[in-house]
Amino acid sequence: MNIGIDKIGFSMPNRYLDIKDLAVARGIDPDKFTKGLLQSEMCVTSKEEDIVTLGARAAEEILTKEDKEKIDMIVLGTETGIDQSKAAAVFIHGLLKINPYARSVEIKEACYGATAALEFARNHILSKPNSYVLVIASDIAKYGIGAGGESTQGAGSVAMLIKKDPRLSILNIDNTYLTQDAMDFFRPNYSPYPFVEGKFSTELYLNCLELTWKRFLKENNKKIQDFSAFCFHIPYPKMALKGFKKILPETMDEKEKENYINNFEKSIFYSKKVGNIYTGSLFLGLLSLLENGNLKAGDNICLYSYGSGAVSEIFSMTLVENYKKVLRKDRINDFNNRTRLNVKEYEKIFFEKIKIDNEGNANIEGNGEKFTLKEISSHKRIYNQ
């Protein structure tokens, strides 16, 4: 039975900050961000947006009424949880009015969670072949004003409908994974922002890639030429480029290398405009590659997933016939229609805190749009539907 991605959707805030404006405001050479990180813009959330609203919008983009009736499991990967107990997937289940007889859970392991969600989805469908599973990766990367990682912030959500006989890609059974207990990036419960060991995190990302890649090739009797393109976890595009260079053989034919480079550049196109979205970064890269690249049915794509702490996984998928028919051709309009903020506006909106009174109430005073946070009443989050 072929199981894989039937449809894929994406949502992001409609506000962004030009990375050059941030550099000027912080007294930094813009080239440090645009060339050093390969970043050009980053999405900025407001207080009425969170991982639930972003996830619901991403799913709404792709789901039909029939899909919602057939979905019997929702798995959400995130490291920006809004509740220590209730899964964000449960909120999304209610907002989308999905079949009540569904399982809804949330997975956490830094930026890796949504990759584990894909495996859960496949195993569920193997036991229940007619099931539809909604996998969502939703995150908001926030480090604080003037913090070392400020230029890599971002926000967004990727939603994928997983089922048998998918119309987009088949998930191959070739997963190889690795765990190393390390403290390169982490956020204790008492801190609103993560702690990052930048140099160490980069080294760990690349080390995990090298180890997992070698084992992946050996376990599956594969070589790099078996894949037409690669997608990497993208904390920032230059990091993905370092990973890409790590696996490219020095002896590779120049024309062959050029094809890989062209596909890689297509995979980071959206992330350059969005910033880091943690669990969704790998899959935003996949979406960017599929919507902007020129791959054909039967092509194999290799994906490297990494979550600080650290867990990594390499797996692959195969594109199916006519896969482009389920993809959008006009997504660039979404980027062009966003509102550009200046640095003062960005600082006010992105870091504005919701003020909750002693009874656990807060009036969000948002724009009232669909799938936005409306209020907090007796500590309960209430969304506009």
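Rules used in this analysis
- Residues numbered from 1 in each chain as written.
- Predicted model: local features only at pLDDT ≥ 70, side-chain atom pairs only at ≥ 80, totals over all residues.
- Heavy atoms only, no water.
- Helix = DSSP H or I, 4+ residues; strand = E, 2+ residues; numbered from the N terminus.
- Polar contact = N/O pair within 3.5 Å; in protein donor to acceptor, adjacent residues only side chain to side chain.
- Contact = heavy atoms within 4.5 Å.
- Axes fitted to C-alpha atoms, helices over the stretch in contact; angles between N-to-C directions.
- Parallel < 35°, antiparallel > 145°, perpendicular 65-115°, else oblique.
- Left-handed = near helix turned anticlockwise from the far one by under 90°.
- Pairing = 2+ DSSP bridges.
- Buried < 20%, exposed > 50% of the residue type's maximum accessible area, 1.4 Å probe, protein only.
- 1 Å grid on protein atoms, 1.4 Å probe; cavity = no way out; pocket = protein on both sides within 12 Å on 5 of 7 lines; lining within 4 Å.
- Points joined across faces, edges and corners; volume = space filled by probe spheres on them.
- Nonpolar A, V, L, I, M, F, W, Y, C, P; charged D, E, K, R; others polar.
- Expected span 1.5 Å × (residues − 1).
- Arc of directions from axis to C-beta.
- Salt bridge = Lys/Arg side-chain N within 4 Å of Asp/Glu carboxyl O.

## Some details on the side chain of Arg15
For Arg15, the position within the fold is in strand S2 (residues 15-18). A polar contact of 3.4 Å, which involves the side chain of Arg15, links it to the side chain of Ser46. If near-sequence neighbours (up to four positions away) are discounted, Arg15 is found in contact with Met42, Cys43, Val44, Ser46, Glu48, Glu49, Thr339, Leu341 and Ile349.

## Focus on the packing of helix H8 (residues 237-247) against helix H9 (residues 254-267)
It is the contact of H8 with H9, at a shortest axis distance of 11 Å, that shows an interaxial angle of 155 degrees. It follows that H8 is roughly antiparallel to H9 by the angle criterion. The interaxial crossing formed by H8 with H9 has right-handed handedness. Across the interface between the two elements, Pro237, Ala240, Leu241 and Phe244 from H8 touch Tyr260, Ile261 and Phe264 from H9.

## Observations regarding the sheet that holds strand S17 (residues 373-377)
Within the open sheet, the 3 strands sit side by side as S16-S17-S18. Their pairing is antiparallel. A single partner strand is all that each edge strand has here, and the edge strands are strand S16 (362-363) and strand S18 (380-383).

## Focus on the side chain of Asp18
Along the chain, the position of Asp18 falls in strand S2. What makes Asp18 buried here is its relative accessible area of 13%. Among all residues touching Asp18, those that are not within four sequence positions of it are Ser40, Glu41 and Arg340.

## As for empty space enclosed by the protein
By the definition in use, this model includes 2 cavities of 30 Å³ or more. Computed from the structure, the largest cavity encloses a volume of approximately 50 Å³. What lines the largest cavity is Thr115, Leu118, Glu119, Arg122, Leu171, Asn175 and Phe315. The element contributing the most residues to the lining of the largest cavity is helix H6 (residues 113-127), with 4 residues. Of the residues contributing to the lining of the largest cavity, the split by class is 3 nonpolar, 2 polar and 2 charged. Space inside the second largest cavity adds up to approximately 40 Å³. Around the second largest cavity, the lining residues are Leu209, Trp213, Phe230, Cys231, Phe232, Ile247, Cys302, Leu303, Tyr304 and Ile314. Of all the secondary structure elements, the ones that give two or more residues to the lining of the second largest cavity are helix H7 (198-220), strand S12 (229-232) and strand S13 (300-307). Classifying every residue of the lining of the second largest cavity gives 10 nonpolar, no polar and no charged.

## Considerations on H9
Here H9 spans 20 Å end to end across 14 residues, near enough to the 20 Å set by a 1.5 Å rise per residue. All buried positions along H9 are accounted for by Lys257, Tyr260, Asn263, Phe264 and Ser267. The arc enclosing the buried residues of H9, seen along the axis, measures out at 125 degrees, which places them on a common side. Opposite the packed face of H9, turned more than 90 degrees from it, sit the exposed residues Glu254, Lys255 and Glu258. Tucked into the core, H9 has its buried residues touching S12, H8, helix H10 (269-274) and helix H11 (281-292). Looking at where H9 begins, the residue whose side-chain oxygen comes 3.0 Å from the main-chain nitrogen of Lys255 is Asp253.

## Structural notes on the pairing of strand S1 (residues 3-11)
Counting buried residues in S1 gives 9 out of 9 residues, a clear majority hidden from the surface. Where S1 and strand S7 (residues 154-164) come together, 8 bridges link them in antiparallel fashion. Looking across to S7, one finds that Ile3 is bridged to Lys164. One ladder, built from 2 bridges, connects S1 with strand S8 (residues 169-171); its direction is antiparallel. In the strand pairing of S8, Ile5 is matched with Ser169.

## Remarks on the environment of Tyr101
One can find Tyr101 in the loop between helix H5 (88-96) and strand S5 (103-107). Given a relative accessible area of 72%, Tyr101 falls into the exposed group. Through-space distance from the C-alpha of Tyr101 to that of Glu69 is 9.3 Å; in sequence the pair is 32 residues apart.

## Some details on the pattern of salt bridges
Tallying each qualifying case throughout the model produces 27 salt bridges. When the shortest N-O distance is used, the salt bridge between Lys47 and Glu352 registers 3.5 Å. Taken together, the residues Lys47 in the loop between strand S3 (41-43) and helix H3 (51-60) and Glu352 in the loop between helix H13 (343-350) and S16 connect sequence positions 305 residues apart. With a relative accessible area of 34%, Glu352 lands in the partly exposed category. A salt bridge links Lys296 to Asp299, with the shortest nitrogen-to-oxygen separation between them at 3.1 Å. When its relative accessible area of 54% is taken as the criterion, Lys296 is described as exposed. Exposure remark for Asp299: the relative accessible area of 7% places this residue in the buried category. Through salt bridges with shared partners, a single ionic network connects Glu61, Glu291, Arg328, Asp330, Arg331 and Asp334.

The values are spatial; any link to function lies outside them.
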